[in-house]
Amino acid sequence: MTQERVLIVSTHPLFRDGIIRLLGDQADVVGAVTNWQEAQELPAERRPQVIIVDHDSPELKEADLAPLLWPDASDLRVIYVTLAGDKMVVHERHQVAGAGEADLLRALRGERQEIPPNDQSSRPPQDPQGRMTRMEKPSQRRNYTRHFIIVSVLVVITTAISLVILSRIPWMLPPATAQAGPVDALLSLHLIAIAFLFSLVMVFMLYSLFVFRRQGDDDGDGDHFEGNTKLEITWTIIPLVTVLIFSYLGAVGLRQVTAAQPNEMVVEATAFSFGWQFSYPELGLQNSPKLNLPVNQPIHLKMQSRDTDVIHNFWVPEFRVKQDLVPGVPTELRITPTRTGNFLVRCDELCGTGHTYMLAEVNVLDQAGFDVWVEEQKAVLSPEQMAQRGEELVNASGCIACHNITGDPGGIGPTWKGMYNHEVQLADGSTVVSDEEYLKRSIIDPNAQIVAGYNPGLMPANYADLFSEEQLQYMIEYFKTLE
Ligand code: CUA
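In short, a report on the structure.

Parameters and conventions
- Residues numbered from 1 in each chain as written.
- Predicted model: local features only at pLDDT ≥ 70, side-chain atom pairs only at ≥ 80, totals over all residues.
- Heavy atoms only, no water.
- Pairing = 2+ DSSP bridges.
- Helix = DSSP H or I, 4+ residues; strand = E, 2+ residues; numbered from the N terminus.
- 1 Å grid on protein atoms, 1.4 Å probe; cavity = no way out; pocket = protein on both sides within 12 Å on 5 of 7 lines; lining within 4 Å.
- Points joined across faces, edges and corners; volume = space filled by probe spheres on them.
- Nonpolar A, V, L, I, M, F, W, Y, C, P; charged D, E, K, R; others polar.
- Axes fitted to C-alpha atoms, helices over the stretch in contact; angles between N-to-C directions.
- Core = buried A, V, L, I, M, F, W, Y, C linked by side-chain atoms within 4.5 Å.
- Buried < 20%, exposed > 50% of the residue type's maximum accessible area, 1.4 Å probe, protein only.
- Contact = heavy atoms within 4.5 Å.
- Polar contact = N/O pair within 3.5 Å; in protein donor to acceptor, adjacent residues only side chain to side chain.
- Phe/Tyr/Trp six-rings, centres within 6.5 Å; stacked < 30°, edge-to-face > 60°.

### Describing the pairing of strand 8 (residues 285–288)
Summarising the sheet, strand 7 (residues 275–280) and strand 8 pair through two bridges and their orientation is antiparallel. Across the sheet, Tyr280 pairs through a bridge with Leu285, a residue of strand 8. Here strand 7 folds back onto strand 8, and the loop between the two strands holds four residues, one of which, Gly284, carries a positive phi near 75 degrees.

### Here we look at the layout of surface pockets
The calculated volume of the second largest pocket comes to roughly 850 Å³. Taken together, 42 residues form the lining of the second largest pocket, with His403, Gly413, Pro414, Trp416 and Met459 sitting closest to its centre. No other element matches the four residues that helix 9 (residues 436–444) contributes to the lining of the second largest pocket. Grouping the amino acids of the lining of the second largest pocket by side-chain chemistry returns 25 nonpolar, 16 polar and one charged.

### Remarks on the sheet that holds strand 7
Reading across from one edge, 8-7-6-10-13 is the order of the five strands in this open sheet, with mixed pairing throughout. The strands lining the two open edges of the sheet, one partner per strand, are strand 8 and strand 13 (331–335). Between one strand axis and the next, the sheet turns by 20 degrees as a mean value, whatever way the strands run. Sheet analysis places strand 6 (residues 265–272) next to strand 10 (residues 299–305), joined by seven bridges and oriented parallel. Each residue of the ladder has a partner; that of Ala269, found in strand 10, is Met303.

### With respect to the nonpolar core
Looking at soluble globular proteins, one finds that nonpolar side chains tend to be buried together. Counting residues in each nonpolar core, the largest one holds 36 residues, and the members touching the most others are Val267, Trp276, Phe278, Tyr280, Leu301, Phe314 and Phe319. Going through the elements one at a time, strand 6, strand 7, strand 9 (291–294), strand 10, strand 13, strand 14 (341–347), strand 15 (359–365) and helix 7 (367–378) are the ones with two or more residues in this core. A per-element tally of this core places strand 6 first, with four residues. In this view, Leu301 contacts Val267, Ala269, Phe314, Thr331, Glu332, Leu333 and Ile335; residues no more than four positions away in its chain are not counted. Judged by nonpolar contacts, the second largest core, of 26 residues, contains Met386, Val394, Leu426 and Tyr438.

### Let's talk about the side chain of Thr415
Tracing the backbone through its elements, the reader meets Thr415 in the loop between helix 8 (383–396) and strand 16 (423–425). On the accessibility criterion, Thr415 (17% relative accessible area) is buried. A polar atom in the side chain of Thr415 sits 3.2 Å from the backbone nitrogen of Gly407. There is a polar contact of 3.3 Å between the side chain of Thr415 and the backbone nitrogen of Lys417. The contact partners of Thr415, leaving out residues within four places of it in the chain, are Asn404, Ile405, Thr406, Gly407, Asp408 and Tyr454.

### Considerations on the packing of aromatic side chains
How two aromatic rings sit relative to each other is given by the distance of their centres and the angle of their planes. Going through the model one piece at a time under the given rule, you end up with eleven aromatic pairs. Seen in terms of ring centroids, Tyr478 and Phe479 are 6.0 Å apart; in terms of plane orientation they differ by 40 degrees. Their pairing is tilted. Judged on exposure class, the residue Tyr478 and its partner Phe479 are both buried. Among the aromatic residues, those joined into a cluster by ring pairs are Phe272, Tyr463 and Phe467.

### Topic: the sheet that holds strand 9
Read from one edge of the open sheet, five strands run 9-15-14-11-12, paired in mixed fashion. Edge positions in the open sheet fall to strand 9 and strand 12 (322–325), since each of these has one partner strand only. Each strand axis lies, on average, 25 degrees off the axis of its neighbour in the sheet, ignoring direction. Bridge count for strand 9 against strand 15 is four bridges, and the pairing is parallel. Its bridge partner being in strand 15, Leu291 is matched across the sheet by Val362. Relative to the sheet, helix 7 contacts strand 9 and strand 15, its axis offset from that of strand 9 by approximately 140 degrees.

See below:
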């Protein structure tokens, strides 16, 4: 048998490989090109007798063939072929369903395969453009329906199991404000959506992996699908509607948790690197390091950052709501504590070396307990009480990010242990006695006298704005106790 010289034209490498595999050594493949231009540039000795064109490459329309026909080529034949797995369709000249290489070779030789005109079952269905659509038999359709029902039942079961597991995980600390209600309700809804989506993806994936895995020595390609418009519309509309519903519920929830309440008490919250202060303008209390609140009293938190370039965030996990404190931008938050207890404000914006220590005590007290606390704050203090309050202040102000009370000299700033009333070696070579004046100056003007071995410019220089004279005195009383 003389071998025909064959040229393959396709933009798909898989098509070219498939045809070469089908032809084996029964034809002389002179080349595989991706377009007519390349075909025309072939040297004369490699000019083909047969061109096999990928019918599924829309760029290779028959009309483009005209300039290619070499004037001297007398018996050039062009065959349009579609490959679909191990099935092949030869267009224009023959139509072959479930064909093998014999059919292609017959087509190569210009022979026709007779297909009885009434035998439609052996012929793949075609859409008006002549493209082959999915070849599907009624039994296959029944199979798809069966798989779909099984998968749907599995998705429902897996969703239920996932929900039971998810609902047993304590995601959040027990709620402690009225504002927690809408937040927790929305989270529960999200968990349902998450359980369903997780099940949908996992069940479809694992089912396909196990049920449609390769059987025996079948190494053919899978079925060829051209897409499914109904399915694509469905999986676009359902998520779109779901997201719209969630955004509506989110907007309603946001309005609920930010709404003004009757009889609000104003508390001013100030954040700085790295601590918190709370003032109660209606009660005449300034700069408390703790946030004490009466239970069931609606609170309007007016918040600001004392820093010029650092954002902090007010977050008490049990309160659910949180809010950034942005330099130059006053922000607000509304909370109505619903149970007494001790909580912690955590800074929830990564703000620097003291971020971890940027905590503040929150005590929700009954009204009587709160009134007692307010009176205590206003009373004249003994030195011990002042030292106690100073300790609370430095712990709440992030100072321990750089200083320690253990005597370890390795901190970013000097240790406080034994700091009071000693001779201090300064970086400029002079010495100074650490009396009250020196300690106070070191807090409000930290770069004035740098202790030998430490670096200037590290300690915030705005403490004069943050602390009152009384509070500075509380801290010094506390330092005196650190013998
Ligand atoms: Cu302030 Cu993190």
